Amino acid sequence: MYRQLKKQIMERIEVLQEIIQKKEKEITKLQQGNIRASKHGKGFQYYLRSDSSDKNGTYLPKSEKRTIEQMLQHEYDEKVLNTAKKEMDLLTRLNKIYDTGAIESIYEKLPQGKQTLVHSMTETDAQFAQRWEKIQFQKLSFQSDAPEYYSNKGERMRSKSEIIIANLLEQLNIPYIYEFPLTLDGNATVHPDFTLINAGKRRLIYWEHLGMLDDEEYMNKAIAKIRRYEDNGYYLGEQLLVTGESNTKPLDIKHVKKKVLHIMEQ
């Protein structure tokens, strides 16, 4: 979990660096003072206050619109710059804390021989994923005449393409459960081909592989299934991953790899 926080901190620091660099270039010296805006009819009138003791300021006519705009923009830019620098300072210090070792990382940094004899105060992402993969549930049965396909982990699956996907997930070290039950509205249970987990975010992703896109009836059922997922809040590209193949367009494993890595990084 702390790795995800550290990643978010680094991403925010990059944004702040861009803001600081941009505003430092844009800010130019202007005459001293600030602008007071006063409601007047349907519009506003503007006054230049030269120092803090000048509460009302000197009226600026419409002919000074450019000066007003420059001073207001300057005032805004200075506030943005100062706030960005303060936030940058805080996040930089927080980032250093994670560099020296968050609580979660202390256990991970122990030699394996010591880890086996120590009870971790917090559950690491790897421990969480391992525990999640061992969840017990009633698995779907296979027809007696169904062909037998087995993944590298020894799991029986329903198609060669699912075996390829399972082996890819193992290669990428992405935890998954095959045909894990998911209850939708109305207590209807579906069994996505694969359920993946982003352990760092404790986020589940459901994967449906459509293996017979040439079959019109199969395709219509697949469309209805995807709509059902989305009606329950599992949107395509967010918590739902869909891949497919047909007789003329077989499974493209390179494309599949890009899709799964992209959705896991979100």
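Up top is the structure.
The structure presented is a predicted model; accordingly, all values stated were derived computationally and were not measured. (Residues numbered from 1 in each chain as written. Predicted model: local features only at pLDDT ≥ 70, side-chain atom pairs only at ≥ 80, totals over all residues. Heavy atoms only, no water.)

### Some points on helix α7 (residues 216–231)
Counted only if it meets this: What counts as a helix is a DSSP run of H or I of at least four residues, what counts as a strand is a run of E of at least two, and both are numbered from the N terminus. Expected helix span is given by 1.5 Å per residue-to-residue step, counting one fewer step than there are residues. Whether a residue is buried, partly exposed or exposed follows from its accessible area with a 1.4 Å probe, protein chains only, as a fraction of its type maximum: under 20%, in between, or over 50%, in that order. Directions are taken from the helix axis to each C-beta atom, and the arc is the one they span.
Spanning 16 residues, α7 covers 23 Å between terminal C-alpha atoms, matching the ideal 22 Å at 1.5 Å per step. Of the positions making up α7, those classed as buried are Ala222, Ile226 and Tyr229. Looking down the long axis of α7, one finds its buried residues gathered within 55 degrees of arc, a one-sided arrangement. Exposed side of α7, more than 90 degrees from the buried face: Glu216, Glu217, Lys221, Arg227 and Asp231 are the residues found there.

### Topic: the sheet that holds strand β2 (residues 43–49)
To be explicit about the condition: Strand pairing requires that DSSP identify at least two bridges connecting the strands. Axes here refer to lines fitted to C-alpha atoms; in helices the fit is confined to the stretch in contact. Angles between the N-to-C directions go from 0 to 180 degrees.
Read from one edge to the other, the open sheet built from three strands follows the order β1-β2-β3, with strand pairing classed as antiparallel. The sheet is open, and its two edges are formed by β1 (34–40) and β3 (58–60), each paired on a single side. The mean angle between the axes of side-by-side strands here comes to 40 degrees, regardless of whether they run parallel or antiparallel.

### Describing the pattern of salt bridges
When charged atoms on two side chains of opposite charge get close, those side chains can pair. The following threshold applies: Salt bridges are counted wherever a side-chain nitrogen of Lys or Arg sits within 4 Å of a carboxyl oxygen of Asp or Glu.
If you walk through the whole model with that rule in mind, you get 14 salt bridges. With its nearest N and O atoms 3.2 Å apart, the salt bridge here joins Lys23 to Glu26. Placement of the pair is Lys23 and Glu26 together in helix α1 (residues 2–26), with a separation of three residues, close to one helical turn. When its relative accessible area of 36% is taken as the criterion, Glu26 is described as partly exposed.

### A few points about the environment of Ile13
Spelled out, the test is: Contacts: residue pairs with any heavy atoms within 4.5 Å of one another.
With respect to the secondary-structure elements, Ile13 resides in helix α1. Through-space distance from the C-alpha of Ile13 to that of Asn56 is 39 Å; in sequence the pair is 43 residues apart. Residues contacting Ile13, with those up to four places away along its chain left out, are Met88, Leu91, Thr92 and Asn95.

### Re the sheet that holds strand β10 (residues 203–210)
Here we have four strands laid out as an open sheet, ordered β6-β9-β10-β11, and mixed in their pairing. Every other strand in the sheet has two partners, leaving β6 (176–178) and β11 (240–244) as the edge strands with one partner each. Neighbour-to-neighbour, the strand axes of this sheet turn through a mean angle of 20 degrees, independent of strand direction. Strand direction decides the pairing type here: strand β9 (residues 194–198) and β10, joined by five bridges, are antiparallel. Paired with Phe194 across the strands is Trp207, a residue of β10. Strands in contact with helix α6 (residues 160–171) are β6, β9, β10 and β11; relative to β9, the strand with the most contacts, it is inclined by about 15 degrees.

### Focus: the nonpolar core
The cut-off we apply is this: Definition of nonpolar core: a set of buried residues of the types Ala, Val, Leu, Ile, Met, Phe, Trp, Tyr and Cys, connected through side-chain atoms within 4.5 Å.
Within the largest apolar cluster, 19 residues are counted, with the highest numbers of intra-cluster contacts made by Leu169, Phe194, Leu196, Trp207 and Val260. Counting 11 residues, the second largest nonpolar core, distinct from the first, contains Leu210, Ala222, Tyr229 and Tyr234.

### Some remarks on the packing of aromatic side chains
Aromatic rings considered in pairs are described by the distance between their centres and by the relative angle of their planes. Put simply, the rule is: Paired rings are identified among Phe, Tyr and Trp, the last through its six-membered ring, by centres lying within 6.5 Å, and are further divided according to the angle between planes into stacked (under 30 degrees), edge-to-face (over 60) and tilted (the rest).
The full count for this structure, using the stated rule, is six aromatic pairs. Summarising the aromatic geometry, the rings of Phe137 and Phe180 are spaced 5.1 Å apart at their centres and angled 80 degrees between planes, so their arrangement reads as edge-to-face. Highlighted residues: Phe137 in the loop between α5 (125–133) and β4 (149–150) and Phe180 in the loop between β6 and β7 (182–184), separated in sequence by 43 residues. Three or more aromatic residues joined by ring pairs form one cluster here, namely Tyr176, Tyr178, Phe194 and Trp207.

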